[in-house]
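# Geometric and topological summary
Below are the chains, spelled out letter by letter.
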There are 2 protein chains.
Amino acid sequence: MSKKQRQMALGAMMYFPAGEHISSWRHPESDAAGLMDFNYYKHIAQTAERGKFDMFFYADELYVWDRFESGVAQSNSIRPEPFTLLSALAAVTSRIGLAATVSTTYNEPYHIARKLATLDHLSGGRAGWNIVTSQTDEEARNFGLEQHPQHKDRYGRAREFVDVTQGLWDSWDDDALLFDKARGNFADPSKLHTLHHKSANFAVRGPLNVSRPPQGYPVLIQAGASEAGKELAAASAEVVFAPGSAFGPFGTVEDGKALYDDIKDRMAKYGRSRDDLKILPGVLPIIGRTEEEAKERLDAVNELTPERLGLDLLSHYLGRDISNYPLDEPLPYVPQLEGFNQSKSNLTRILQLLEREALTIRQLYKRVNSRGIAGTPTQIADQLEAWFLAGAADGFNVMFPHLPGGLDDFVDLVVPELQRRGLYRLDYTGATLRDHLGLKRPESRYANVQSQTKR
Amino acid sequence: MSKKQRQMALGAMMYFPAGEHISSWRHPESDAAGLMDFNYYKHIAQTAERGKFDMFFYADELYVWDRFESGVAQSNSIRPEPFTLLSALAAVTSRIGLAATVSTTYNEPYHIARKLATLDHLSGGRAGWNIVTSQTDEEARNFGLEQHPQHKDRYGRAREFVDVTQGLWDSWDDDALLFDKARGNFADPSKLHTLHHKSANFAVRGPLNVSRPPQGYPVLIQAGASEAGKELAAASAEVVFAPGSAFGPFGTVEDGKALYDDIKDRMAKYGRSRDDLKILPGVLPIIGRTEEEAKERLDAVNELTPERLGLDLLSHYLGRDISNYPLDEPLPYVPQLEGFNQSKSNLTRILQLLEREALTIRQLYKRVNSRGIAGTPTQIADQLEAWFLAGAADGFNVMFPHLPGGLDDFVDLVVPELQRRGLYRLDYTGATLRDHLGLKRPESRYANVQSQTKR
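- As recorded in an unreviewed UniProt entry, chain A goes by the name Monooxygenase, listed as coming from Paenibacillus glycanilyticus.
- What UniProt records for chain A under Sequence similarities (unreviewed entry) is the sentence "Belongs to the NtaA/SnaA/DszA monooxygenase family."

### Examining the overall build of chain A
- A tally of regular secondary structure across chain A gives 16 helices and 15 strands.
- For 455 residues, the compact-globule estimate of 2.2 N^0.38 gives 23 Å, and chain A sits close to it at 22 Å.
- Dimensions along the principal axes, computed over C-alpha positions, put chain A at roughly 75 × 55 × 45 Å.
- Out of the 455 residues belonging to chain A, those deemed buried represent 66%.
- At a minimum sequence separation of 6, the contacts of chain A that also span at least 24 residues come to 78%.
- For chain A, the computed accessible surface area is about 16,600 Å², with 48% contributed by carbon and sulfur atoms.
- If you average the places of the 53 positive and of the 60 negative side-chain charges in chain A, the two averages end up 6 Å apart.

### Points about the environment of tryptophan 25 of chain B
- Mapping tryptophan 25 of chain B onto the fold places it in the loop between strand E1 (9–14) and helix H1 (38–50).
- Between the alpha carbons of tryptophan 25 of chain B and leucine 403 of chain B there is a distance of 8.4 Å; along the sequence they are 378 residues apart.
- For tryptophan 25 of chain B, the contacting residues outside a window of four places in its chain are Phe179, Asp180, Lys181, Gly184, Asn185 and Phe186 of chain A together with Ala18, Ser30, Ala32, Gln74, Ser75 and Asn76 of chain B.

### Brief notes about the relation of the copies chain A and chain B
- When chain A is brought onto chain B, the operation consists of a screw motion whose angular component is 180° and whose axial shift is 0.0 Å, with 0.0 Å RMSD remaining. What we have between these two chains is a two-fold relation. Among all C-alpha atoms of chain A, that of alanine 88 of chain A lies closest to the rotation axis, at 1.9 Å.
- When the interface residues of chain A are mapped onto chain B, 100% of them are again interface residues, pointing to one common binding face.

### Concerning the side chain of asparagine 130 of chain B
Residues and elements named next belong to chain B.
- Inspection of the secondary structure puts asparagine 130 in strand E4 (residues 127–132).
- Engagement of the side chain of asparagine 130 in a polar contact is seen with the side chain of threonine 101, the distance being 2.8 Å.
- With residues up to four places along the chain from it excluded, the contact list for asparagine 130 reads Phe57, Ala100, Thr101, Val102, Ile221, Gln222, Ala223 and Phe241.

### A look at the packing of helix H13 (residues 377–389) of chain B against helix H14 (residues 405–420) of chain B
Residues and elements named next belong to chain B.
- Interhelical geometry of H13 versus H14 gives an angle of 55° and a closest axis separation of 9 Å. By the criterion of interaxial angle, the relationship of H13 to H14 is oblique. Classified by chirality, the crossing of H14 by H13 is right-handed. Residues Pro377, Thr378, Ile380, Ala381 and Leu384 of H13 touch H14, and the partners they reach there are Phe410, Leu413, Val414, Glu417 and Leu418.

### Some remarks on the interface of chain A and chain B
- Across the contact, 77 residues belong to chain A and 77 residues belong to chain B.
- In total, about 6,500 Å² of surface goes out of reach between chain A and chain B, with carbon and sulfur atoms giving 61% of it.
- Connecting chain A to chain B are 8 salt bridges.
- With its nearest N and O atoms 2.7 Å apart, the salt bridge here joins aspartate 60 of chain A to arginine 114 of chain B.
- Run the count over chain A and chain B and you get 45 residue pairs in polar contact (both at pLDDT 80 or more).
- Contributions of two or more residues to the side of chain A that touches chain B are made by helix H2 (69–73), helix H3 (82–90), helix H4 (109–122), helix H5 (137–141), strand E5 (177–180), strand E6 (185–187) and strand E8 (203–204) of chain A.
- Top element by residues in the side of chain A that touches chain B is H4 of chain A. It accounts for 8 residues.
- Partitioned by chemical class, the residues of the side of chain A that touches chain B number 38 nonpolar, 20 polar and 19 charged.

### Let's talk about the pattern of salt bridges
- By the definition in use, this model includes 86 salt bridges over all chains.
- Here aspartate 394 of chain A and lysine 264 of chain A are joined by a salt bridge, their closest N and O atoms 2.8 Å apart. One end of the pair, aspartate 394 of chain A, is in the loop between helix H13 (377–389) and strand E15 (395–398); the other, lysine 264 of chain A, is in helix H8 (residues 253–265), and 130 residues separate them in sequence.
- With relative accessibility at 9%, the residue aspartate 394 of chain A sits in the buried group.
- With a relative accessible area of 4%, lysine 264 of chain A lands in the buried category.
- With a shortest N-O distance of 2.7 Å, arginine 67 of chain B and glutamate 138 of chain B are connected by a salt bridge. Of this pair, arginine 67 of chain B sits in the loop between strand E2 (55–58) and helix H2 (69–73) while glutamate 138 of chain B sits in helix H5 (residues 137–141), and the two are 71 residues apart along the sequence.
- Residue arginine 67 of chain B is classed as partly exposed on the basis of its relative accessible area, which comes to 31%.
- For glutamate 138 of chain B, a relative accessible area of 4% gives the class buried.
- Linked by salt bridges that have partners in common, Asp163, Asp170, Asp174, Arg212, Arg441 and Arg445 of chain A make up one network.

### Some words on the sheet that holds strand E11 (residues 278–280) of chain B
All names here are of chain B.
- Strand order in the open sheet made by the 9 strands is E11-E10-E9-E4-E3-E2-E1-E15-E12, with parallel pairing throughout. The two strands at the open ends of the sheet, each matched to only one other strand, are E11 and strand E12 (282–283).
- Where E2 meets strand E3 (residues 97–103), 4 bridges bridge the pair, whose relative direction is parallel. In the strand pairing of E3, phenylalanine 57 is matched with alanine 99.

### Details of the sheet that holds E15 of chain A
All names here are of chain A.
- One open sheet holds the 9 strands; their spatial order is E11-E10-E9-E4-E3-E2-E1-E15-E12, and the pairing between them is parallel. Of all the strands in the sheet, just strand E11 (278–280) and strand E12 (282–283) have a single pairing partner and so form its edges.
- Taken together, the 3 bridges between strand E10 (residues 239–241) and E11 define a ladder with parallel strand orientation. Pairing of phenylalanine 241 across the sheet is with leucine 280, part of E11.
- Running at roughly 170° to strand E3 (residues 97–103), H3 makes contact with strand E2 (55–58) and E3 of the sheet.

### Details of the environment of methionine 14 of chain B
Residues and elements named next belong to chain B.
- Along the chain, methionine 14 falls in strand E1.
- Judged by its relative accessible area of 1%, methionine 14 falls in the buried class.
- Taking the C-alpha atoms as reference points, methionine 14 and valine 398, 384 residues apart in sequence, are found 8.9 Å from one another.
- Every residue in contact with methionine 14, bar those within four places of it in the chain, is listed here: Tyr40, Tyr41, Ile44, Phe56, Phe57, Tyr58, Ala59 and Leu403.

### Overview of the packing of aromatic side chains
- Tallied over the full model, the rule gives 30 aromatic pairs over all chains.
- Ring geometry for phenylalanine 143 of chain A against tyrosine 110 of chain B: centres 5.4 Å apart, planes inclined by 65°, an arrangement best described as edge-to-face. Of this pair, phenylalanine 143 of chain A sits in the loop between H5 and helix H6 (151–169) while tyrosine 110 of chain B is found in helix H4 (residues 109–122), placing the two residues in two different chains. In this structure, phenylalanine 143 of chain A and tyrosine 110 of chain B share a single accessibility class: buried.

The rules behind the values
- Residues numbered from 1 in each chain as written.
- Chains lettered and ligands numbered in written order.
- Predicted model: local features only at pLDDT ≥ 70, side-chain atom pairs only at ≥ 80, totals over all residues.
- Heavy atoms only, no water.
- UniProt positions renumbered as here; feature names shortened; annotations may be inferred.
- Helix = DSSP H or I, 4+ residues; strand = E, 2+ residues; numbered from the N terminus.
- Rg over C-alpha atoms; globule rule 2.2 N^0.38 Å.
- Buried < 20%, exposed > 50% of the residue type's maximum accessible area, 1.4 Å probe, protein only.
- Contact = heavy atoms within 4.5 Å.
- Areas by Shrake-Rupley, 256 points an atom, 1.4 Å probe, with all protein chains shown as cover.
- Lys, Arg positive; Asp, Glu negative; His and termini not counted.
- Charge placed at Lys NZ, Arg CZ, Asp CG, Glu CD.
- Least-squares fit on C-alpha atoms with pLDDT ≥ 70 in both.
- Polar contact = N/O pair within 3.5 Å; in protein donor to acceptor, adjacent residues only side chain to side chain.
- Axes fitted to C-alpha atoms, helices over the stretch in contact; angles between N-to-C directions.
- Parallel < 35°, antiparallel > 145°, perpendicular 65-115°, else oblique.
- Left-handed = near helix turned anticlockwise from the far one by under 90°.
- Buried area = accessible area lost by both parts, 1.4 Å probe.
- Salt bridge = Lys/Arg side-chain N within 4 Å of Asp/Glu carboxyl O.
- Nonpolar A, V, L, I, M, F, W, Y, C, P; charged D, E, K, R; others polar.
- Pairing = 2+ DSSP bridges.
- Phe/Tyr/Trp six-rings, centres within 6.5 Å; stacked < 30°, edge-to-face > 60°.

Structure, rendered in structure tokens:
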């Protein structure tokens, strides 16, 4: 193994607490009754750390999916709140990064800047933030609105939210705190900056009452594959996940490389180098000792979702109840992306599926709910290696068909294979999430102002 | 020691991270540079648990106190965010309750209900919530407002905020989750309740995406000593702290008993029993091996605050800059409680001090910043016992002149004395914060509705 070999980054994704699927909780090996028990999460985070993952990545949403009765009766509709979960996990891990989804639509920048900064401090520089704009009217109604704000308004607010949050993180210069007991000087007031941000979206005076995070800023993660999402990622994200993964088979290396280049090519105009952003496509490996066993496992996972729930989930993605249409005929209308106000990424992938194949509704809902790639550890490693070496990925955001077993399998069987090939670290070499990912620690926005002042 | 002996409850308070005083960070034994380091808090929480405290109680505010330059230069103006801190502490403790201050003025009920419910789950039923309405214009300006809302509006919002939060905690009945893998039933939809709350303050549909907390509701704590605060406490609080403590000497047992009875007498009209609320006056013990040593230690603590900072803090409490008045004359005006929109409790105590004694400004700022009672362990225990047995307290919220040393002293010297007297537990007998405090687990608001339906 060459020391110069570029190494892949790996995230361990928890979408639903029991695994990637809405029905992962039904898997015979899942610990469905443990989903509010800290020991369940502790085992998973410690296993991911044993597997030297760059980060544990926890998804979130701000509502119970009760649009359809199946959502309450059959899906996994409870989940711990991310900050509360991640900081508890910080106390029982020492190296792995800890990232979570936090909405910019239904939060205040001061609170989020403060929580992320605190998590970064308490974890010794291991915090990451998956910046999302939320997706549903149900969420809006938990926060005083009738309807989810429009896509472009949400993205405008998201961009500004991140800017305000970064401004708050820069409130205290890295060397502002003195702790000089003899002189009674806690801090140097000339190294404290008040933001005074005012716009239609936010009025935030600052400063933040938490010192600058160990990482400067926690790592900024972004998922969107929409045009606005790609642009936001190129402008400010440090990790992008999901493209080329969410539905159906893993996609082709060529698709992956096209998307990879599309996003990275946009970075120059924001003055950013291609290395400042890591693209980690999502992959859901279903691992078997033989290819046959892996395929049986994939089938078993796909069978977990009851028909009604699968159809309701498709209705949700389409933003229209399709349960009364004949199951064995195609959708009787063409979904329109224009003006659609839930996840455009999900709808785009459905449109791509329909363009390529004439699927009936029954086939479509099954395809939408089947995301795994089945294979032996060697076959899985082959695919990851191919994508990585072709320049279609800087690493992967790994999803699991059920937890904790799916993660155990990956750590015990695939990680050693990647390590043998020299593609993946044998151990952590740094302390922070930025260290793991090879990302620079950002300077404060006031850094140059200061050095000018000092001259 | 009789088994029937009523036992006192103890909270371990952290106002500033380094201790109770704005200058505690300067104490020779304080760990000022550790204030964003998790190990500092871990040691303190574990020490409090070793001392069998009912709870670790963490105060909070949502701004940097930069109204005066001394606030930035000389005071301890950074602090970890409470949820992030408490849930990390939940992972390294097993019995002690974990409570924090969370503002109802600058938060959304859905987020707070969710975070507290998650903390309660991950800690196995140890969460507590100190309900406050915040105090300053500086906080308002971090959340899109120019001025802090008026006292009565804040209390109206606070009452409603708690009601909405409790409604969200009741979203799922205690037995709503089925985890029935064979039938595919995750939950019983008839046991999920949607709040549909709408008012001028909040529109919150619900339900909450976290199951009902282990304690039913986390323990509700309240500090206010204003009329509105006492009424809110009598109506809904389960722990009241602070009255009779915040300034100057500990106050008389008679004062304490009058306040105790005043609050408890108001409970009947809300259909509550006196045992449903525990009143824990604040006490700041300065412990010495001899009385003389204790007094020397108290003087040393009081000397930590520089004059300018002490005066600025008094200006803050008065809501008016008094730094240009002659220091050795009395305040040239009488502060008015009417229309005052910061902490009425603080101003009330200043008015009480001025009524009793003709203090100069210099004397006043020193008295305001001197809160400790100095004594040997036996003397401290005598005072706590006297208050407890006289019916002026159900226990105490213990504050510390510096951390972690002040807590170490209390746990090593005063706790054993209280235990010898049979006034305090030798070990935890229950698992949850409610168990420690002897508080009932509240039923869901839907509990009776259901049992009627079932008949």
